[in-house]
Amino acid sequence: MKEKKPRGATLSAMGFFERFPDEDAARIFIEQCVWEGGEPTCPNCESKRHGLWKTRKGHYRCKDCRKIYSVKNGAVFENSHIPLRSWLYAFYRLHGSRKGIPSTQLADELGITQKSAWYLLHRIRTSCMDDRLAKLSGEVEMDATYIGGKERNKHADKKGRRGRGPVGKQPVLGIRDRRTGEVRAVPVDSESALTVCAELPARVEPGTEVITDDHPAYRHIKEMQYSHSSVKHSVKEFVRNLVHTNGIESVWALLKRAFKGVYHHWSTKHCHRYLDELTFRLNKGGRHVGTLDFLRALCKGAIGKRLTYASLTKG
Ligand SMILES: [Zn+2]
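Cut-off values and rules
- Each chain has its residues counted from 1, running along the sequence as written.
- Note on the predicted model: pLDDT of at least 70 is required for a residue's local features to be given, and 80 or more for side-chain atom pairs to be given and counted; whole-chain, interface and lining totals, by contrast, use all residues.
- Values shown for side chains rest on all heavy atoms present in the structure; no hydrogens or waters enter the calculation.
- Distances up to 2.8 Å from the metal define which N, O and S atoms are donors, and 3.2 Å serves for Na, K and Ca; water is absent from the atom set, so sites may look incomplete.
- Think of it this way: with four donors and all angles in the 85 to 135 degree range, the site is tetrahedral; with four or six donors, opposite ones beyond 155 degrees and the rest between 65 and 115, it is square planar or octahedral; otherwise it is irregular.
- Strands are runs of DSSP state E lasting at least 2 residues, helices are runs of H or I lasting at least 4, and numbering of each runs from the N terminus.
- Residue burial is assigned from relative accessible area. The probe radius is 1.4 Å, only protein chains are included, and a residue is buried under 20% of its type maximum, exposed over 50%, and partly exposed in between.
- The criterion is simple. A nonpolar core is a set of buried Ala, Val, Leu, Ile, Met, Phe, Trp, Tyr and Cys residues joined through side-chain atoms within 4.5 Å.
- The criterion used for residue contact is that any of the two residues' heavy atoms lie within 4.5 Å.
- To estimate the expected span of a helix, count its residues, drop one, and scale the result by 1.5 Å.
- Centres within 6.5 Å make a pair out of two Phe, Tyr or Trp rings, where for Trp the six-membered ring is used; the pair is then stacked when the planes are under 30 degrees apart, edge-to-face when over 60, and tilted otherwise.

With an unreviewed UniProt entry as reference, the chain is termed IS1595 family transposase, source organism Candidatus Amphirhobacter heronislandensis.

And the structure:
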């Protein structure tokens, strides 16, 4: 019989519950990720001098500013009534599948309401956001796609202008580094030359080879310290030697499968969070999705970020 290849340290569901049998195990794991060496650090004054606050487990009293804190403070977990073990499980489940997990399913698995699960998932997506990402270089593919429902299925008052083209859909601009496979994806106003001129220098090093299709939005790239080659999708040319955009298009295929198959719909105002979820999984995960290291990366991402329910639902 052919031997099964070892899959690294990927956690099975049973492995997850063995590793985190109770709330304490989950809390200690998160403390070690958030605080260097697991030593409690006051989020208010950054002092490490602390005493245990005996009234509640996992709480500490800062010996300098006297504030009481836990690992939840100053992170996406703040003010959450959901146990940290459930948070970790949600981290594990959201990224256990290449396409994510719907809030209804997570709600059933955690025994919480769909509304709580929905809010929990959005806070995890906030943890996936990283605005200090390095610029891509070498050789990148750039392309745009449109995400959203079909106009004819929409209610009359939600329909956009009638006509051809991607009416009522959210344009998303994506860039994929061919060497590392790293991806950047951002919601934009339109696939236009103006957008490309603004987004490209923010995400890609000068001197990089940029490969696109022949959409007019990309016509100024050559004038911007980049070399540029394109395939003529307009005349059905998709690959010319190494000039193609198949890499970024496979990312779009994954994004669309998540949109159609898992999430069914997401509103334009939350689009960037779903993109953060997808790109985090692709960039930080790869072979490591579902491992303890991947869980650590997610816990580290949770530091210094907040998403209140009011800010999530307003507007
Ligand atoms: Zn303090």
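Every protein donor of the zinc ion is accounted for by C42 (SG), C45 (SG), C62 (SG) and C65 (SG), and the metal-donor separations fall at 2.2 to 2.3 Å. Because the angles between the 4 donor atoms bound to the zinc ion fall within 103 to 119°, the donor set is best described as tetrahedral. Coordination of the zinc ion draws on donor residues from a single chain, spaced C-x2-C-x16-C-x2-C in sequence. Placement of C45 in the loop between α2 (23-34) and β1 (50-52) and of C62 in strand β2 (residues 60-62) is noted, with a sequence separation of 17 residues between them. The exposure class of C45 is partly exposed, given its relative accessible area of 34%. Taking the relative accessible area as the measure of exposure, C62 reaches 0% and is therefore buried.

With that settled, the discussion passes to the nonpolar core. Soluble globular proteins tend to bury their nonpolar side chains together. I30, F77, W87, L88, F91 and L295 are the most contacted members of the largest nonpolar core, which totals 61 residues. The element contributing the most residues to this core is helix α7 (residues 246-263), with 9 residues. If sequence neighbours within four positions are ignored, W87 has contacts with V76, F77, S80, I82, L120, R123 and I124. With 17 residues, the next largest nonpolar core counts L136, V140, V196 and A217 among its residues.

The subject of this paragraph is α2. The periodicity of an α-helix, 3.6 residues per turn, causes residues three or four positions apart to be oriented the same way. In a regular helix each residue adds 1.5 Å, so 12 residues correspond to 16 Å; α2 covers 16 Å between its end C-alpha atoms and thus fits that length. Residues of α2 that are buried: A25, A26, R27, F29, I30, E31, C33 and V34. Turning to α2, the residues buried within the fold contact α1 (13-19), β2, α3 (84-94) and α9 (292-301).

Our next topic: the packing of aromatic side chains. Applying the stated criterion across every chain yields a total of 16 aromatic pairs. Between W35 and Y69 the ring centres are 6.1 Å apart and the planes differ by 90°, which places this aromatic pair in the edge-to-face class. One end of the pair, W35, is in the loop between α2 and β1; the other, Y69, is in strand β3 (residues 68-69), with 34 residues separating them in the sequence. Side by side, W35 and Y69 carry an identical accessibility label, which is buried. Summarising the aromatic geometry, the rings of F77 and W87 are spaced 5.0 Å apart at their centres and angled 85° between planes, so their arrangement reads as edge-to-face. Of the two residues, F77 is situated in the loop between β3 and α3 and W87 in helix α3; the sequence distance between them amounts to 10 residues. Residues F77 and W87 agree in their burial class; the two are buried.

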